[in-house]
Every structure is written in structure tokens, then in C-alpha cells.
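# Structure at a glance
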Amino acid sequence: MNRQLQPALTAFALGLIGLGVLALIYGDFALVWQPVPMSLPSRSAFAYGSGLLMLFGGIGLLFRVSSTWSARILFPYLFLWMLLKVPALLVAPKLEAVWLGFGEIAVLFAAGWIVFATFAEVSSASILSFLSGEKGTRMAAILFGISLIPIGLSHIFYTKQTVDLIPTWIPSRTALAYLTGVGQIICGAAVLFSIVPCVAAAVEAGMVSLFAMFVWLPAILASPKTRLPWTAFFITWFFASSAWVVSRGISSDVEANNIGKNKRR
């Protein structure tokens, strides 16, 4: 396995496992992050199936013998998860909140794409070969960069809601809400235009990790039997580890290009 990617991949897998366990406990999807219609026939059965897929898909990523198949299975799963956000974009394309929702899941898919591009071992003769390797990693990084921009804008459009999530003991919460929003926009643009993209994605991972530790972990400790804090914590963990996967994936891509250039010399 790619050693640079392995720690980030482990965190990514643990996020999947955590969400899978929650789905099996509650027999439901990850609240607003998986907006599956309530009218769907056998909805609970699909929720349990989704939970099992995340659980065993995450476990599979932790071992060399199963990582290839896990990457192949999780790629279309995360793509379908992202597609669940598309109807809202079509209904209310001028509403920033729906772009926020799409962007959050697109970040997860971008990381899953890099995992697929790195570990799925797609044959050059396959019709999916253009999604793998260095080309797939670059396309996933572009999607990641674009997706961060509406997420950052949400801090500006919905400042009050962002401030309300910041612990009251932290000073200058409004300024912090704006600062983190602008920071996410800058990180997205940096990845999109390849301006220290590894650093930008790593900074995004760090910011979101702090959000998980200072917002959702205290919420879990305050109300350990409540479902929302647990779900939000694992989604945030998954998001942060996804940004870390993108950072390491880009770094590996750059390193591979440099090695290739040196060999040609």
C-alpha cells in the first residue's frame, strides 16, 4: 500500500465504520447527510444494507488483501450518496444551503475517488481506466477544491448558525466564523489551481478536525445517548479524514511525477 496514504486511509476507514455502526444501531441513514426519501419502500432494509456496506467496506480498507475490492465497492456507493443531493440543486439552485449539502458529500466522494484511483487496480483496457491512476487523482482533487468553496461560503451566508455551533468559551466567535469560512474558500481555490494543494487540503483537514473535537465531541459527552451528536461527529471525522486523503493523494501524485521526470533524465 502507498505508505503516504495509509494513515489517512485508516482514519477514512474508521469514519466509515463509525457511520456503519450507527446505521445498524438506529436502522436509519445518516440524517440530513443521506437524504433518502421516507417514502422509499423497505427503507429500513436499505439503511441496514448501507450500514453493513460502510462497516465492512471500512474494515476492508484496513487490510491489503481486501483493500482493492473495498475501493471498488465504495466508489459507486459514495457516488450514489452524492447523487442524493442533486435533486435539491435542481429544485433550489439559488439556495446556498443546498450547495453546502452537495459540497459536503462531494468532498467525501472525492476522497473515495482517490482511494479508488490508488487501490482499485483498474486495468488499462477497462472503460473506467480514466478514473484511476494519476488522472483520476487529479480529477478528484479538482472536485474537492470546487466543493470546498460553497462550504466556506456557508459560514458567511449563515453566520449566526455557524456562530451558534462554536463553544461560548471561545472568544470572537463571529470573527472566527468568517475566518474559517474564508479559510475554506482559500483552501478550495488553492487545491483547484494547484497552489500548494497538499498543504491546502491538509489545512482543511486540520480545521475540520478541530471542529469535531471542540463542537461535536463535547456534545457527545453532554448527551451520550442522543443520536445527532454521534452522527455529526462521525460525519465530521469522515470529512476531515477525506481532506487528509486528498492531501496525501495529491502528494503521492506529485512524488510519482517527480520520480518519472528523474527517470526520463
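Residue positions are counted from 1 within each chain, in the order its sequence is given. Residues qualify for local features only when their pLDDT is at least 70, as the model is predicted, and side-chain atom pairs are given and counted only at 80 or more; totals for whole chains, interfaces and linings, by contrast, use all residues. As a convention, hydrogens and water are excluded, and side-chain values are obtained from all of the structure's heavy atoms.

Turning to empty space enclosed by the protein, a few remarks are in order. Cavities and pockets are found on a 1 Å grid laid over the protein atoms alone: a cavity is a set of points where a 1.4 Å probe fits but cannot escape, a pocket is an open set with protein on both sides within 12 Å along at least five of seven lines, and a lining residue has an atom within 4 Å of such a point. Grid points are joined across faces, edges and corners, and a volume is the space filled by probe spheres set on the points. This model, assessed by the stated rule, comprises one cavity of 30 Å³ or more. There is about 60 Å³ of room inside the largest cavity. Along the walls of the largest cavity sit L19, L22, A23, Y26, D28, F29, A30, Q34, R227 and T231, which together make up its complete lining. Residue classes follow a fixed rule: Ala, Val, Leu, Ile, Met, Phe, Trp, Tyr, Cys and Pro count as nonpolar, while Asp, Glu, Lys and Arg count as charged, and any other residue, Gly among them, counts as polar. Each residue belonging to the lining of the largest cavity can be placed in one class, and the counts come to six nonpolar, two polar and two charged.

We now examine the UniProt feature "transmembrane region" (unreviewed entry) in the chain. UniProt positions are given in the numbering used here, feature names are shortened, and annotations may be inferred rather than shown by experiment. The UniProt entry lists residues 12-33, 45-63, 75-92, 98-119, 140-158, 178-196, 203-222 and 228-246 under the feature "transmembrane region" (unreviewed entry), expressed in the numbering used here. Helix and strand shares over residues 178-196 are 79% and 0% respectively, and the end C-alpha atoms of the span are 22 Å apart. Helix and strand labels come from DSSP, where a helix needs a run of H or I of at least four residues and a strand needs a run of E of at least two; each type is numbered from the N terminus.

The next subject is the packing of aromatic side chains. For this analysis, a ring pair means two rings from Phe, Tyr or Trp (six-membered ring only for Trp) whose centres lie within 6.5 Å, classed as stacked if their planes differ by under 30 degrees, edge-to-face if by over 60, and tilted for the remaining angles. Applying the stated criterion to the full structure yields 13 aromatic pairs. A ring pair is formed by F157 and Y158, whose centres lie 6.4 Å apart and whose planes are at 45°; its orientation type is tilted. Look at W169 and F214: their rings are 5.9 Å apart centre to centre, the planes differ by 65°, and that puts the pair in the edge-to-face class. A residue pair is termed long-range when its members are at least 10 positions apart, and W169 in the loop between α7 (159-165) and α8 (173-192) and F214 in helix α9 (residues 197-222) qualify at 45 residues. The class of F214 is partly exposed, set by a relative accessible area of 39%. Two conditions define a charge located above a ring, namely a distance within 6 Å from the ring centre to NZ of Lys or CZ of Arg, and an angle within 35 degrees of the ring normal. The ring of W69 has R72 lying over it, and the distance from NZ or CZ to the ring centre is 4.8 Å. One cation-aromatic arrangement involves R227 over Y26; the distance from NZ or CZ to the ring centre is 5.2 Å. When a residue's accessible area, from a 1.4 Å probe over protein chains only, is under 20% of the maximum for its type it is buried; when over 50% it is exposed; and in between it is partly exposed.

Moving on to the pattern of salt bridges. Note on pairing: side chains with opposite charge can pair once their charged atoms come close. We count a salt bridge whenever a side-chain nitrogen from Lys or Arg sits within 4 Å of a carboxyl oxygen from Asp or Glu. Following the criterion strictly, the structure yields four salt bridges and no others. D28 is paired through a salt bridge with R43; the nearest N and O atoms lie 2.7 Å apart. Of this pair, D28 sits in the loop between α1 (6-26) and α2 (43-61) while R43 sits in helix α2, and the two are 15 residues apart along the sequence. For the residue pair D28 and R43, the accessibility class agrees, reading buried in each case. Between E134 and R138 there is a salt bridge, and its shortest N-O distance comes to 3.9 Å. Of the two residues, E134 and R138 both sit in helix α6 (residues 133-157), four residues apart, roughly one turn of that helix. We classify R138 as partly exposed; its relative accessible area is 41%.

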